[in-house]
Amino acid sequence: AAFGLYFPRKEYSENVYIDQPAGTPLLRIHALRDSHGEVAHFHLCQNLIISRARSLENHWFQIREKTGLLCLSKSLDREDFNMLSVGNWMPLSKVMLYVFLSSHPFQEKECDSATRTTVFLSLINATAPACSSLTARQLCFTEMDLSFHIKENKPPGTFHQLQLPSVHHLCQNLSISYKLLAAEGMPFRYNENTTGVSVTQRLDREERERYELIAKCTVREGSREMQVEVPFLVNVLDEDDSPPFLPNGTDTADAVVEFNRKEGTVLATLTVYDADTTPIYPLESSRKKYTGTIVTDDPWISETFRVEHVFDEIHFSPNGSQVRGTQHEY
């Protein structure tokens, strides 16, 4: 079944400073496609959520519908800051926004049903720091870890931009460049012109469940050069797309029954492997996935014998990388 477009991250975060001018780009959000031909439309719905009890109408932030670029729509002055912070004495206040995603232009009523991700904005009670006072780490990467979820069997596409829109906007006299360090043959590509990272082919979780890359950033200021590296992780999300298989190809087991066996005696076992992800919780849903049956017309056999089903997580190692699966024992 097609689930439509999806976000490669559950949440995003960024800092907002007092008096940053309207139009300042803050953060770039990406979407990946479920099927070819889908076009992403981004939309901010609802209010700014300030705390569990409070929310306010959003006047300060807007998202570009086609590109997913989140910008300031008005400068945040001290009065705004006091209104948005839960107490004037706090140096930092967090507000929350939901970004919604649709494969066609938005109508307001869709806000509840659509796919969404959460953006946490830290409002900082100070003006934006001078570029010269920022460390290479702050110039290159946000505090978010670079960790993404990509569904298996889906079309390729761009899922992250390494360059920080706010820093790029602010620090134009600095040269900041990136590289993506990956082992040979990994299905990811870095585009130097856009600083976008894309997955280049459909992924198969049963082949590999996790990719570990490194994002490397070089900051040049005159003759000074600083470098910083951070982990860049991609987890592959499972689709139930692999049929179960029998380790030695046999799907029946013969049982020889002797007299005076105690109740609970195991007479025969049959093992089935499923390379799709681990046992699902609640466990009942894993149990319902496969059932074991005694094929007989004899009511005495049906009353006297039963099939028990236990299952455990196991690891397969295709191509030397560990992939989780399930072993069912009947």
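Residues numbered from 1 in each chain as written. Predicted model: local features only at pLDDT ≥ 70, side-chain atom pairs only at ≥ 80, totals over all residues. Heavy atoms only, no water.

Visitor: How would you summarise the state of the cysteines if you had to cite specific residues and measurements?
Guide: Scanning the model with the defined rule gives two disulfides in all. Disulfide partner of Cys140: Cys217, at an S-S distance of 2.0 Å. Taking the torsion about the S-S bond as the criterion, the Cys140 to Cys217 disulfide, at about -65°, is left-handed. Remark: Cys217 occurs in strand β14 (residues 210-221) and Cys140 occurs in helix α2 (residues 136-140); sequence separation between them is 77 residues. One exposure class covers both Cys140 and Cys217, and it is buried. (Disulfide = S-S within 2.5 Å. Helix = DSSP H or I, 4+ residues; strand = E, 2+ residues; numbered from the N terminus. Buried < 20%, exposed > 50% of the residue type's maximum accessible area, 1.4 Å probe, protein only.)

Visitor: Account for the pairing of β14, with residues named and values stated.
Guide: Where strand β11 (residues 175-181) and β14 come together, seven bridges link them in antiparallel fashion. Within β14, the residue paired with Leu180 across the bridge is Ala215. Looking at chain direction, β14 and strand β15 (residues 224-237) are connected through twelve bridges and run antiparallel. If you follow Thr218 over to β15, its bridge partner there is Gln227. Between β14 and β15, which pair antiparallel in sequence order, lie two residues; one of them, Gly222, sits at a positive phi of approximately 60°. (Pairing = 2+ DSSP bridges.)

Visitor: Can you break down the UniProt feature "domain: Cadherin" (unreviewed entry) in the protein residue by residue, with the values?
Guide: If you check UniProt for "domain: Cadherin" (unreviewed entry), the listed places come out as residues 142-246 in our numbering. Strand forms 50% of residues 142-246 and helix 6%; the C-alpha atoms that close the span are 47 Å apart. (UniProt positions renumbered as here; feature names shortened; annotations may be inferred.)

Visitor: An account of unusual backbone geometry is needed here, citing residue identities and associated values.
Guide: Here the phi dihedral of Asp19 falls at roughly 65°; this positive angle occurs in a residue that is not glycine. Within the element layout of this structure, Asp19 appears in the loop between β1 (11-18) and β2 (25-28). We classify Asp19 as partly exposed; its relative accessible area is 45%.

Visitor: Lay out the environment of Leu146 in plain terms, naming residues and giving numbers.
Guide: With respect to the helices and strands, Leu146 occurs in strand β9 (residues 146-151). For the pair Leu146 and Leu123, spaced 23 residues apart in sequence, the C-alpha separation works out to 22 Å. If sequence neighbours within four positions are ignored, Leu146 has contacts with Arg9, Phe141, His160, Leu162, Ala215, Val230, Pro231, Phe232 and Leu233. (Contact = heavy atoms within 4.5 Å.)

Visitor: Explain the pattern of salt bridges residue by residue, including any values.
Guide: As enumerated under the stated definition, the model contains 13 salt bridges in all. A salt bridge links Lys154 to Asp34, with the nearest nitrogen and oxygen atoms 3.1 Å apart. Residue Lys154 is located in the loop between β9 and β10 (157-161), and its partner Asp34 is located in the loop between β2 and β3 (41-49); the two are separated by 120 residues in the primary sequence. Assessed through its relative accessible area of 7%, Asp34 is described here as buried. A salt bridge links Glu239 to Lys154; the shortest N-O distance between them is 3.0 Å. Note that Glu239 is positioned in the loop between β15 and β16 (271-274) and Lys154 in the loop between β9 and β10, a separation of 85 residues in sequence. Since its relative accessible area comes to 8%, Lys154 is described here as buried. (Salt bridge = Lys/Arg side-chain N within 4 Å of Asp/Glu carboxyl O.)

Visitor: Run through the sheet that holds strand β5 (residues 61-63), naming residues and quoting values.
Guide: Taken together, the three strands give an open sheet; going across it, the order is β2-β6-β5, and neighbouring strands pair in antiparallel fashion. Each edge of the open sheet is held by one strand with a lone partner, namely β2 and β5. For this sheet, the mean inter-axis angle between neighbouring strands, taken without regard to orientation, is 25°. Pairing between β2 and strand β6 (residues 69-72): three bridges, direction antiparallel. In the strand pairing of β6, Pro25 is matched with Cys71. (Axes fitted to C-alpha atoms, helices over the stretch in contact; angles between N-to-C directions.)

Visitor: Please set out the sheet that holds strand β7 (residues 92-102) residue by residue, giving values where relevant.
Guide: Here we have five strands laid out as an open sheet, ordered β1-β8-β7-β3-β4, and mixed in their pairing. Bordering the open sheet on either side are β1 and β4 (55-56), each of which pairs with just one other strand. Where β3 and β4 come together, two bridges link them in antiparallel fashion. Opposite Ile49, over in β4, you have Ser55 as the bridge partner.

Visitor: If you had to explain the side chain of His30 to someone new, which residues and values would you point to?
Guide: Structurally, the position occupied by His30 is in the loop between β2 and β3. Taking relative accessible area as the criterion, His30 reaches 9% and is therefore assigned buried. Ignoring any residue separated from it by four or fewer positions in sequence, one finds His30 in contact with Phe7, Pro8, Tyr12, Phe42, Thr158, Phe159, His160 and Gln161.

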